[in-house]
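# Structural characterization, general
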Amino acid sequence: MQQPASVPNNLVLIGFMGCGKSTIGRELRRLLGYPLVDMDAVIEERAGKPITRIFAEDGEETFRDMESRLLVELAGAAENGRIIATGGGVVERPENRACLQRLGYVVWLSAPPAVIVQRTRNNQERPLLHTGDPASRITHLLARREPWYRESAHLMVDTAGLDSRELASGILESARYFFADPAHSRCKQP
Ligand code: S3P
């Protein structure tokens, strides 16, 4: 059996598109003063083009490869004290799921499908929703990914009812509790 390792002092936000990872990430940055690493933004910067063009010109697998590489980089980085907002599909690959809890305290932001449909309706920046029937794409992807979000997270937060300020302070309180308790602030290496 491998030795348990302490969890770095990062806050990691996972969850489906439209569940508020970037918004709550910004709110946590405001409250904590930690830098925010928005993985989608880093990937776009490295590729020199938006995600829609990465998908269209290079394919989803290329995007996923970039995402996995970035995750490994973040998990291996010496820096602590960051907020990491992942893309909604980060849980698609088992090696990514195995990496998440080594990054820090993992918070799953969730919302019911109807809320996600509403929130993502006017946004054209998500190639997976460029379909004639985004609602059924959302239902299908969500059903597949929910068990993966659940197994990857330390905490699940329903974002449907509260505003981002309230959500961020709840998350902070729970993260403080987690990091203060040595029994909690350890996890098994995969
Ligand atoms: C994706 C979610 C997007 C982005 C890409 C793929 C997904 O991020 O990474 O379009 O597979 O769910 P957001 O969850 O920030 O929209």
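None of the values given here were measured: they were computed from a predicted structure. (Residues numbered from 1 in each chain as written. Predicted model: local features only at pLDDT ≥ 70, side-chain atom pairs only at ≥ 80, totals over all residues. Heavy atoms only, no water.)

### Digging into the overall build of the protein
Put simply, the rule reads: A run of DSSP states H or I qualifies as a helix once it reaches four residues; a run of E qualifies as a strand once it reaches two. Both are numbered from the N-terminal end. With a 1.4 Å probe rolled over the protein chains alone, any residue whose accessible area is under 20% of its type maximum counts as buried; one over 50% counts as exposed, and the rest are partly exposed. The criterion used for residue contact is that any of the two residues' heavy atoms lie within 4.5 Å.
Each helix and strand counted, the protein has eight helices and seven strands in total. Principal axes of the C-alpha set define a box for the protein whose edges measure 50 × 35 × 30 Å. The burial tally for the protein puts 43% of its 190 residues in the buried class. In the protein, the share of contacts with a sequence separation of at least 24, taken over all contacts with a separation of at least 6, comes to 79%.

### What about the packing of helix α3 (residues 51-58) against helix α4 (residues 60-76)?
This is how the line gets drawn: Orientation is described by lines fitted to C-alpha atoms, with helices fitted over the stretch in contact, and by angles between N-to-C directions that extend from 0 to 180 degrees. Angle categories are assigned with fixed cut-offs, so that under 35 degrees is roughly parallel, over 145 is roughly antiparallel, 65 to 115 is roughly perpendicular, and the rest are oblique. Three classes are used, and their members are as follows: Ala, Val, Leu, Ile, Met, Phe, Trp, Tyr, Cys and Pro are nonpolar, Asp, Glu, Lys and Arg are charged, and the others, Gly among them, are polar.
Interaxial distance between α3 and α4 falls to 6 Å at its minimum, and their mutual angle equals 125°. As far as their axial angle goes, α4 and α3 are oblique. Residues Ile-51, Ile-54, Phe-55 and Asp-58 of α3 lie in contact with α4, whose contacting residues are Glu-60, Thr-62, Phe-63 and Arg-64. By residue class, the composition of the contact of α3 with α4 is four nonpolar, one polar and three charged.

### Some words on the packing of helix α6 (residues 113-120) against helix α7 (residues 134-152)
Which entries qualify depends on this criterion: Crossings are sorted by hand: turned counterclockwise from the far helix by less than a right angle, the near helix makes the crossing left-handed, and turned clockwise it makes it right-handed.
Following both chains from N to C, one finds α6 and α7 inclined at 130°, their axes separated by 10 Å at the closest point. Judged by the inter-axis angle, α6 sits oblique to α7. Both α6 and α7 take part in a crossing whose hand is right-handed. Of the residues in α7, those in contact with Pro-113, Ile-116, Val-117 and Thr-120 of α6 are Ala-135, Ile-138 and Leu-142.

### Structural notes on the layout of surface pockets
Formally: Buriedness of a pocket was judged along seven lines, with at least five required to meet protein on both sides within 12 Å; pockets are open sets of points on a 1 Å grid over the protein atoms alone, cavities are sets where a 1.4 Å probe fits but cannot get out, and lining residues have an atom within 4 Å of a point. Grid points are joined across faces, edges and corners, and a volume is the space filled by probe spheres set on the points.
In this structure, the largest pocket encloses a volume near 600 Å³. Surrounding the largest pocket, 28 residues form its lining, Met-17, Asp-40, Ile-51, Glu-125 and Arg-126 being those nearest its centre. Those elements that place two or more of their residues in the lining of the largest pocket are α1 (21-32), α2 (39-47), α3 and α4. For the lining of the largest pocket, the residue count by class is nine nonpolar, nine polar and 10 charged.

### Focus: the pairing of strand β2 (residues 11-14)
Here is the rule: If DSSP finds at least two bridges between two strands, the strands pair.
By the alternation rule, side chains of β2 split into Leu-11 and Leu-13 and Val-12 and Ile-14, which are all buried. Relative to strand β4 (residues 83-85), β2 runs parallel, the two sharing three bridges. Across the sheet, residue Leu-11 finds its bridge partner in β4, namely Ile-83. With four bridges connecting them, β2 and strand β5 (residues 105-110) associate as parallel partners.

Without other data, these values stay purely geometric and don't point to any function.
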